Amino acid sequence: MGYRNLSLGAFITLILTIFLPVTANLPALLQMSQVLAQTTNPRKAEADRLFQQGFEQFKTGQLEAAIQSWEQQLKISREIKDRTAEGSALSNIGYAYKALENYQKVIEYQQQYLAIARETKNREGEKGALFEIGLAYSELGDYAKAIDYYKLGLPIAREVKDQEKEFYIIGNLSNAYMVLKDYPKAIEYGEQYLVIARKNKDRKWQGEALKRLGFDYLNLGNIPKAVEYLQPGLAMARELKDRNGESQILGFLGFAYFSLGDYPKAIESNEQALAIARELKYRDREGDVLNSLGSVYMVLADYPKATEYYQQSLAIAREIKDREAESISLNSVGNAYLVLGDYPKAIDYYEQRLAIVREIKDDLREIDALRNLSSAYILLENYPKGTEYSQQALTIARKIKDRFGEGGALRNLGVVYQLSGDYPKAIEYFQQAWAIIREFHDVGSKQLALNNLGYAFYKQGNLTLAESHLIELINFQESLQVKELNDKDKISFYDTQRNPYETLQKIFIAQNKNDAALEISERGRGRAFVELLASKLSSNAKEQSATPPRIGEIKQIAKAQNSTLVEYSIITDYFKIGGKQQNKESELYIWVIKPTGEVSFRKVDLKPLWQKENTTLDNLITTSRNSIGTRGTAFRGINVVYNPNAAKAKNNLKHLHELLINPIADLLSKNPNDRVTFIPQGQLFLVPFPALQDEQGKYLIEKHTILTSPSIQVLDLTHKQLQRIGKQAIQGNNTLIVGNPTMPFISPKIGDKPQQLTSLPGAEQEANAIAKLLKTQPLIGSKATKAAVLGRLTQARFAHLATHGIFDDIQGLNSAIALAPNSPGSQGNQKGDGLLTAAEILDLKLNAELVVLSACDTGRGRISGDGVIGLSRSLISAGVPSVLVSLWSVPDAPTASLMTEFYQNLQKNLDKAQALRQAMLTTMKNNPNPVDWAAFTLIGEAE
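All of these numbers come straight from a predicted model, not from anything done at the bench.

Trainee: Would you take a moment to explain the overall build of the protein for this structure?
Mentor: Across its full length, the protein carries 41 helices and 18 strands. Within the protein, the fraction of its 943 residues that count as buried is 60%. Here the contacts in the protein between residues at least 6 apart in sequence split such that 69% fall between residues at least 24 apart. If you sum the accessible surface of the protein, you get close to 37400 Å²; carbon and sulfur atoms cover 49% of it.

Encoded structure:
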């Protein structure tokens, strides 16, 4: 699914016109005819009169009449054997047919003139005729013949020192070679063209040459060189106010930046190109740029946005009946369906594309269409069809010497052998593919090729080569320019990059390199979160890069936290089940890092869960939560129903303990006041760790003081946050307390009528009790507006919000805290609907030491490789080192009791983690069901 063939086609016809001379449609022999007009020979005088008449008719657009006049002149000139005048007539008739776009006639007459010019040793005339014949063949699409005539004319132009004609011939030679896809030759002549343009200080033609060379280097696959020409070309187009050229170059730069993996610049360039294309009403270019933007968003895993751009592009192609552009857009939509797993639909679009590219005889895109059809059939596990299409693609690619297409076809054939279990054969094809693909600057193809090789060597048992290829891949991925992406796009992008980190962990563990596996586990998680935190903590660009911690630094972090760190990594693999390859949970890796620096590794076999128990770790976590009565917020706080099952709950919590805790129980401190910080992954973020039960029925919170974090590196950064703001004793004058705001109206589902969230009297009692304890005034009911809360939150050292929480597990950033809607005309956040979203919190700068979200599901959101995208992540990113959030819809009265206990414990100088543990132990005495006391988790700092 290489990008190379997707986006440049629509620009070619625009470029084809740039090297035509501005004087090309003027009669060539005007001066000679004026001299001839002085003769006393009446037939010659009549011939000259006809010439002049034809010239006047030509000037006024009477082309057919001009041809008739010159045909009569031609007849007389032949009668009187005036070869010079005969040549003049032939040449001018050729020009008239050129204006009528009858290029076969141009060739017919210019060929006759060429013979006379050679006979009379008229080098100027010979040069002009050769040039005009070359132009005519170009217009007819016969570029090989055009090149023959241009090459004959070029030395003559140099001989007679006609630099202008030399200039145009060189330009059109470059053009012809570009169309024939002989890019090295196109570049050779393009460079000569640029030299002359610079010598003549012609800014316009310098700009055109720079644009052309950039285009040629793009097609050659030398992307850095293309950018080297395109950037000054863009500056020149802007200087000359050439909006058309500016739009073209921006489109090329968008392509180049995409190929280099600089996605922010790719988006920026394409969006600028799109704006100009719409301004100039260039529908074909608008469609092409829309397609390019779709490709960028595909890589960023924003599939809805990508598909939206692709469909717009396809609609434009069909509207303007551009079959080439239609084929490109069909391919793009097919790619989107392929990524989304709808292989039959992808095949449908690819087959439509294949029919078009065969109809228009586009070999390059036929190769691409065949490769994509092969990929779709391979994913459907129809290996014969996959092989058939790949072999067709390979044959054509080798025939036309398309190296990029050859590499892609070889890679697909390798995939077929890999999935069939023939790893030696797969490696043979992958190595051939990589030898070709590494020549090009195509990010996606390089990633696939290296990943394929690394995985195949791993499955073959050649761990050394597997390791080297995957490390090369990871280094390459991490070199991609994504720093300027917004946080949302970074998260999506990094989620698409996770596979090699997991495979490399398996390779390291197989070689007993447990510390190296831990380093790579950390390196592959929470990357966007770490970058976001690091950028907010430091103005130093180097520190903002947040290099992943090595084993020595990991040990130092455990020491600084004075906590035993437990990092989990869920490992998957492909298994043949029912004759089909399926990706299933394989093992659970667990690292334990003690404050002393001792690092231990354990692993758990997860295969029996789906092989014998007909479940998975994901399902076990979900059923465990459901069985203790955790309530979801499907209706965002409205009419939630739940059905706990105590007996089932006990068994499930024990089963989770058996998988997650038993393997490392001997490594955990026996002192219950010693901290244990769990670093989950995936669905493990939803595990109620305090409620896990051992064989004797004892809860984990009874034996340990528990915290969580998305990664070890995030812990290091929250520690730095705490150092930045310092510690203070909790007291009323620096605390914000909110309880039971006047609830906003929200739609349970998109399109539904908005309903008011239910009132929470228990939350109000909770807020009043805590405010009394801390000797402050809470914001209750209508006073707890969004504007009022935001005004206080940015100043508070401690914040406690007891209200409804709404979680968004699709994007995460729409997760929200319910507050009272702003009164009309109030100052503050423009969006005064009463919902304080994770996206809005992300933009705040907070100095709070602790924020407690005593609400439903505030610790939930979209689970990604970056952790949980939601309220907790946004609060930490905004500057809060310790966040207390819930994993389900918490019950009103027990929560009020637990929170009051928590603050009483803080006043006794217990740290935050110990305060939470003691509050849980106290609450469970009167409310033994874990649903009433185990929902909350402390993320970040205990101190």
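On we go.
Trainee: Would you explain the sheet that holds strand β12 (residues 816-818) in this entry?
Mentor: Sheets are built from strands paired through backbone hydrogen bonds, the pairs being either parallel or antiparallel. Strand order in this open sheet of 3 strands is β11-β12-β13, and the pairing throughout is antiparallel. Looking at which strands have only one partner, the edges of the open sheet turn out to be β11 (805-806) and β13 (835-837).

Trainee: Would you mind showing me how to read the pairing of strand β6 (residues 735-741) here?
Mentor: The side chains of a regular strand alternate, residue by residue, between the two faces of the sheet. Within β6, 7 of the 7 residues are buried, which leaves the element mostly enclosed by the surrounding structure. Strand direction decides the pairing type here: β6 and strand β10 (residues 798-802), joined by 5 bridges, are parallel. In the sheet register, Val738 faces β10, and the bridge partner there is Leu801.

Trainee: Is there a simple way to think about empty space enclosed by the protein in this case?
Mentor: Across all of its chains, the model carries 6 cavities of 30 Å³ or more by this definition. Computed from the structure, the largest cavity encloses a volume of approximately 270 Å³. Lining the largest cavity are 28 residues, and of these Phe685, Thr708, Leu887, Thr937 and Ile939 sit closest to its centre. Elements supplying a minimum of two residues to the lining of the largest cavity: β5 (705-708), β16 (867-870), α39 (871-877), α41 (912-926) and β18 (936-940). For the lining of the largest cavity, the per-class residue count stands at 20 nonpolar, 6 polar and 2 charged. What the second largest cavity holds in volume is close to 80 Å³. Surrounding the second largest cavity, 14 residues form its lining, Asp284, Gly287, Asp288, Ser313 and Ala325 being those nearest its centre. Among the elements that line the lining of the second largest cavity, the one with the most residues is helix α15 (residues 283-299), at 5 residues.

Trainee: Quick question: what am I supposed to make of the environment of Ala397 here?
Mentor: Among the structural elements, Ala397 can be located in helix α20 (residues 383-399). Judged by relative accessible area, which is 0%, Ala397 ranks as buried. Sequence spacing of Ala397 and Ile367 is 30 residues, and the spatial spacing of their C-alpha atoms is 6.6 Å. Beyond its immediate chain neighbours, meaning those up to four positions away, Ala397 contacts Ile367, Asp402, Gly405 and Glu406.

Trainee: Looking at this model, I keep getting lost on the packing of helix α7 (residues 123-139) against helix α8 (residues 143-159). Mind explaining?
Mentor: Between two packed helices, both the angle of their axes relative to each other and the distance between the axes serve to describe the pair. Where α7 contacts α8, the two axes come as close as 8 Å, and the packing angle between them is 155°. With respect to α8, the element α7 is oriented roughly antiparallel. Pair α7 / α8 crosses with left-handed handedness. The residues of α8 that touch α7, namely those facing Arg123, Glu126, Lys127, Leu130, Phe131, Ile133, Gly134, Leu135, Tyr137 and Ser138, are Tyr143, Lys145, Ala146, Tyr149, Tyr150, Leu152, Gly153, Ile156, Ala157 and Glu159. A class-by-class count of the residues in the contact of α7 with α8 yields 12 nonpolar, 3 polar and 5 charged.

Trainee: Quick question: what am I supposed to make of the pairing of strand β4 (residues 675-679) here?
Mentor: Counting buried residues in β4 gives 5 out of 5 residues, a clear majority hidden from the surface. Of the two faces of β4, both are covered, the one formed by Arg675, Thr677 and Ile679 as well as the one formed by Val676 and Phe678. Where strand β1 (residues 563-577) lies against β4, 5 bridges are found, and the strand directions are parallel. Looking across to β4, one finds that Glu567 is bridged to Ile679. Across 4 bridges, the pairing between β4 and β5 is parallel. Residue pairing across strands places Thr677 opposite Leu707, the latter belonging to β5.

Trainee: Mind showing me how you'd approach the pattern of salt bridges here?
Mentor: A side chain with one charge may pair with a side chain of the opposite charge, provided their charged atoms come close. Following the criterion strictly, the structure yields 55 salt bridges and no others. The residue Lys225 makes a salt bridge to Glu228 at a minimum N-O spacing of 3.4 Å. Here Glu228 and Lys225 lie together in helix α12 (residues 223-239), a separation of 3 residues that amounts to about one turn. Given the relative accessible area of 26%, Lys225 is considered partly exposed. In this structure, the salt-bridge partner of Lys506 is Asp573, at a minimum N-O distance of 3.7 Å. With a gap of 67 residues between them, Lys506 in helix α26 (residues 499-510) and Asp573 in strand β1 connect regions that are remote in the sequence. Taking relative accessible area as the criterion, Lys506 reaches 7% and is therefore assigned buried.

Trainee: It is not clear to me how helix α10 (residues 183-199) should be interpreted in this structure. Could you clarify?
Mentor: Each turn of an α-helix holds 3.6 residues, which means side chains three or four residues apart point in the same direction. Under the 1.5 Å per step criterion, the end-to-end length of α10 is 24 Å for 17 residues, consistent within 8% with the ideal 24 Å. Taken residue by residue, α10 has Tyr183, Ala186, Ile187, Tyr189, Gly190, Tyr193, Leu194, Ile196 and Ala197 as its buried positions. Of the surrounding elements, those touching the buried residues of α10 are α8, α9 (163-179), α11 (203-220) and α12. In the stretch just after α10, Lys201 is the one whose phi turns positive, near 55°.

Trainee: What am I meant to see in the packing of helix α21 (residues 403-419) against helix α22 (residues 423-437) here?
Mentor: The interhelical angle for the contact between α21 and α22, taken along N-to-C directions, is 160°, at an axis separation of 8 Å. Relative to α22, the element α21 lies roughly antiparallel. Crossing handedness for the pair α21 and α22: left-handed. Contacts from Arg403, Phe404, Glu406, Gly407, Gly408, Leu410, Arg411, Leu413, Gly414, Val415, Tyr417 and Gln418 in α21 reach Tyr423, Lys425, Ala426, Tyr429, Phe430, Gln432, Ala433, Ile436 and Ile437 in α22. The residue inventory of the contact of α21 with α22, partitioned by class, reads 12 nonpolar, 5 polar and 4 charged.

Trainee: Can you help me understand the packing of aromatic side chains in this one?
Mentor: Aromatic ring pairs are described here by two measures, namely the spacing of the ring centres and the angle between the planes. Here the structure, examined in full by the defined rule, presents 29 aromatic pairs. Look at Tyr193 and Trp205: their rings are 6.4 Å apart centre to centre, the planes differ by 85°, and that puts the pair in the edge-to-face class. Placement of Tyr193 in helix α10 and of Trp205 in helix α11 is noted, with a sequence separation of 12 residues between them. Tyr193 gets classed as buried once you look at its relative accessible area, which sits at 1%. Taking the relative accessible area as the measure of exposure, Trp205 reaches 9% and is therefore buried. Between Phe678 and Phe689, the aromatic rings sit 4.2 Å apart at their centres with planes inclined by 10°, giving stacked as the arrangement.

Trainee: Teacher, can you tell me more about unusual backbone geometry here?
Mentor: Residues other than glycine predominantly adopt negative phi, and peptide bonds predominantly adopt the trans conformation. The backbone of Lys121 sits at a positive phi, close to 55°, despite the residue not being glycine. Mapping Lys121 onto the fold places it in the loop between α6 (103-119) and α7. By relative accessible area, Lys121 is classed as exposed at 71%. Positioned with a positive phi, Lys361 is a non-glycine residue whose angle comes to about 55°. Checked against the element boundaries, Lys361 lands in the loop between α18 (343-359) and α19 (363-379). Among the residues examined, Lys361 registers a relative accessible area of 68% and is labelled exposed.

Trainee: Please explain the side chain of Gln73 as it appears in this structure.
Mentor: The residue Gln73 is located in helix α4 (residues 63-79) in this model. Residue class for Gln73 comes out buried when judged on its relative accessible area of 1%. Ignoring any residue separated from it by four or fewer positions in sequence, one finds Gln73 in contact with Ala47, Leu50, Phe51, Ala85, Ser88 and Ala89.

Trainee: Is there a simple way to think about the confidence of the model for the protein in this case?
Mentor: Low pLDDT means the predicted atomic positions in that stretch should not be read closely. Scored by pLDDT, the protein has a mean of 86; 90% of the residues are at 70 or more. Long-range and interchain partners of residues 825-830, a stretch whose pLDDT sits below 50, account for 6 contacts in this model, where long-range means more than four residues apart.

Trainee: Help me understand the environment of Asn335, please; the structure alone is not making it clear to me.
Mentor: One can find Asn335 in helix α17 (residues 323-339). Taking the C-alpha atoms as reference, Asn335 lies 9.9 Å from Tyr310; in sequence the two are 25 residues apart.

Trainee: Any chance you could explain the environment of Tyr103 here in plain terms?
Mentor: As for its position among the elements, Tyr103 is in helix α6. Taking C-alpha positions, Tyr103 is 7.2 Å from Glu139, a pair spaced 36 residues apart along the chain. Once residues lying within four places of it in the same chain are set aside, the contact partners of Tyr103 are Lys98, Ala136, Glu139 and Leu140.

Rules used in this analysis
Residues numbered from 1 in each chain as written. Predicted model: local features only at pLDDT ≥ 70, side-chain atom pairs only at ≥ 80, totals over all residues. Heavy atoms only, no water. Helix = DSSP H or I, 4+ residues; strand = E, 2+ residues; numbered from the N terminus. Buried < 20%, exposed > 50% of the residue type's maximum accessible area, 1.4 Å probe, protein only. Contact = heavy atoms within 4.5 Å. Areas by Shrake-Rupley, 256 points an atom, 1.4 Å probe, with all protein chains shown as cover. Pairing = 2+ DSSP bridges. 1 Å grid on protein atoms, 1.4 Å probe; cavity = no way out; pocket = protein on both sides within 12 Å on 5 of 7 lines; lining within 4 Å. Points joined across faces, edges and corners; volume = space filled by probe spheres on them. Nonpolar A, V, L, I, M, F, W, Y, C, P; charged D, E, K, R; others polar. Axes fitted to C-alpha atoms, helices over the stretch in contact; angles between N-to-C directions. Parallel < 35°, antiparallel > 145°, perpendicular 65-115°, else oblique. Left-handed = near helix turned anticlockwise from the far one by under 90°. Salt bridge = Lys/Arg side-chain N within 4 Å of Asp/Glu carboxyl O. Expected span 1.5 Å × (residues − 1). Phe/Tyr/Trp six-rings, centres within 6.5 Å; stacked < 30°, edge-to-face > 60°. pLDDT = per-residue confidence, 0-100.

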